[in-house]
Amino acid sequence: MILHIADLRLKLDGHIIVSDANLSADPGDVVGVVGPNGSGKSTLLKSIYRALRPAAGRVIHEGVDLWRLDARSSARRISALPQEGAGDLEFTAAEVVLQGRTPYKRMFEQDGLGDWDIAANCLIRVGMFGEAHRSFATLSGGEKQRVLLARALAQRAPVLVLDEPTNHLDIAAQLDLLELVHDAGLTTIMAVHDLNHAAAHCDRVYVMAEGRIVAQGPPREVLTPGLIQDVFRATAVTVDNPITGLPQFLFSPLTREGLRPEAGPSQGAVR
Amino acid sequence: MLLVVAMTAGISIGAVAVPVSEVWASIIGHISGSRTEVIDTQDRVVWIFRTPRVLLAAVVGAGLALAGAALQATVRNVLADPYLLGVASGASLGAVSVLVLGSGAVAGLGVSAAAFVGALAATLVVLALGQRAGKFFPARLILAGVAIAAVLQALTSYLQLQANPQALGGLVFWLLGTVAGAEWSDLALPAAAVLLSSVWLLGLGGRLNVLLSGDDAATSVGVNVNRLRLQVVVVSAILTGTAVAVAGGIGFVGLMLPHVARMLVGPDHRRMLPVAALLGASFLVLVDLIARTVEAPSELPLGIFTAAVGAPFFLWLLTSTRRVSLGS
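Computed from a predicted model, the values in this text were never measured in an experiment.

Right, let's get into the overall build of chain B. Regarding its fold elements, chain B presents 14 helices and two strands. In terms of overall dimensions, chain B is globule-like: its C-alpha atoms have a radius of gyration of 20 Å, near the 20 Å expected for 328 residues. A principal-axis box enclosing the C-alpha atoms of chain B has dimensions of 60 × 45 × 40 Å. When the 328 residues of chain B are sorted by exposure, 52% land in the buried category.

Encoded structure:
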């Protein structure tokens, strides 16, 4: 267990947004946080990358309470790709990635050869080395996310936190990005909207509803039609993807009575 | 380079023209110690009158441009300037109180001291109003600054109406800014303030770059956003308070010169901040030169020319630039 969240309570403007949250991740695990809008996913993640100080509880990385560290030391342990868009930065892709070296910099320290080396390496890993000198503002949405991922990787932190990293990306860009996150091999905590992504890319998922964690475990065991109906207010059937063999959810709205319709003629494919 | 040329021109040209060679002969002579006393009229003009004045203009211009550049990044707003947080209106109220009511009414402070105190007091109030639960929010800071500035300006206007006609001329002059009558003894404090603040802000350049990506992103790479904001606001208030205290309310420099610097060298604060400081210094030296030559021998306030000369130049630059932003 490398990262551990214990009895966390988070408040925004005096309102409790998350309560009694417990979460843990083993080294190299990709942990998904799923839940409907407003369930507290982003807020929970913010307490890990220090954007929101917990009202109670602790965030522990390798035995150290992150909130007892200063921002720089914490950023050497936790890197993040927050949800807010970085917009149209006028910096080049390489300059944006070099910003990931900030936690290692003293006040007047310039970027050294070692920093450039790491930045180049991270750009190569996300397949953006060829665009290193392009202005960030001119990149496509998918390319921007990959550069921001490279910035997070340049932090050389063992834990990576991502808040819905595939938002607004086209299908190919979504799959690319998730593949890159997976290949990074870091302990990853990722808020995911798309349950199919969660099922395909997460070793474990935590399900949040109204500020509480209501279920956790391997996606195949946790994301059942019953839970999806209770938490997401949608009817789901699960089929196996004929190519990947992974579970795949097909959604339809809840019926008026809130009941799941009986499985139809295709019952053979439905688990 | 630009600054050296501007300063040489600023010292050389004026009611008494001094050749460039004599300008440098005089300055080098006095600095090296080979001239311990003023030897003739030209020397007097250069060393006693113009050099401190030009240096003060440079220091004030650099300070305003730096403060503007740093504040623009801190609140992520292209319209931010050194007077954003009520600094100038606080300073004006302080100075005008002394000019109208007399120094006795303001705890015996002189004009400059009252301006500085007013500037810092206004900043503290804006900081107090711009935070919530100890956290500073850009929009809150801007709105609190605008509101406080309005209140202070109302008070200043009221005081102005109470002023007798003789005082009014000097008052308007002060409000629009001037470095006339600068002496060597006026220089030490502002120069030290600007030098220290510049070094401090330059050290924060990398962090300001990251802040352009957003608060959360900056936090995630280890920047204590709240502390950075507080630092920049306080340093900028000291810079601006000093500038206003010694030279009055000079507009435009702190708003536009940072944008000029960005257009020239890009948004990286580690490059842009020094360039903005040099541009601000050169610009104000040249503006001061114009202000005292255009209707020589009488002088005009700087604020008129920073706007009248600077704005058209800036608009020309603006139309020839592809895009304008802070870099975000």
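All names here are of chain B. Packing of helix α12 (residues 253-265) against helix α14 (residues 302-319) leaves a shortest axis separation of 11 Å and a crossing angle of 30°. Comparing their axes, α14 and α12 come out roughly parallel. You can see that α12 and α14 cross each other, and the crossing is left-handed. The residues of α14 that touch α12, namely those facing V253, M256, V260 and M263, are T306, G310, F314 and L317. Across the contact of α12 with α14, the residue classes tally to six nonpolar, two polar and no charged.

This next bit is on the interface of chain A and chain B. One frequently used descriptor of interface size is the decrease in accessible area upon assembly of the parts. Contacts between the two partners involve 26 residues from chain A and, on the opposite side, 22 residues from chain B. When residues of the side of chain A that touches chain B are traced back to their parent elements, those giving at least two are α2 (71-75) and β6 (78-81) of chain A. At four residues, the largest contribution of residues to the side of chain A that touches chain B is made by α2 of chain A. Per-class residue counts for the side of chain A that touches chain B are twelve nonpolar, seven polar and seven charged.

This part takes up the sheet that holds strand β4 (residues 56-61) of chain A. Residue and element names in this part refer to chain A. Ordered by their spatial adjacency, four strands build an open sheet running β2-β1-β4-β5, and the pairing between neighbours is antiparallel. The sheet is open, and its two edges are formed by β2 (15-25) and β5 (64-65), each paired on a single side. Inspection of the sheet shows strand β1 (residues 3-12) paired to β2 by seven bridges, in the antiparallel sense. From the neighbouring strand, I5 faces β2, where its bridge partner is L23.

A few words now on the packing of helix α1 (residues 2-12) of chain B against helix α3 (residues 41-74) of chain B. All names here are of chain B. Closest axis-to-axis distance for the α1/α3 pair is 9 Å, and the angle between their directions is 140°. Taken as axis vectors, α1 and α3 run oblique relative to one another. For α1 against α3, the interelement crossing comes out right-handed. Seen from α1, the contacting residues are L3, M7, G10 and I11; seen from α3, they are V46, R50, T51, V54 and A58. Of the residues contributing to the contact of α1 with α3, the split by class is six nonpolar, two polar and one charged.

About the criteria used
- Residues numbered from 1 in each chain as written.
- Chains lettered and ligands numbered in written order.
- Predicted model: local features only at pLDDT ≥ 70, side-chain atom pairs only at ≥ 80, totals over all residues.
- Helix = DSSP H or I, 4+ residues; strand = E, 2+ residues; numbered from the N terminus.
- Rg over C-alpha atoms; globule rule 2.2 N^0.38 Å.
- Buried ≥ 20, exposed ≤ 12 C-beta atoms within 10 Å, placed from the backbone.
- Axes fitted to C-alpha atoms, helices over the stretch in contact; angles between N-to-C directions.
- Parallel < 35°, antiparallel > 145°, perpendicular 65-115°, else oblique.
- Left-handed = near helix turned anticlockwise from the far one by under 90°.
- Contact = placed C-beta atoms within 7 Å.
- Nonpolar A, V, L, I, M, F, W, Y, C, P; charged D, E, K, R; others polar.
- Pairing = 2+ DSSP bridges.

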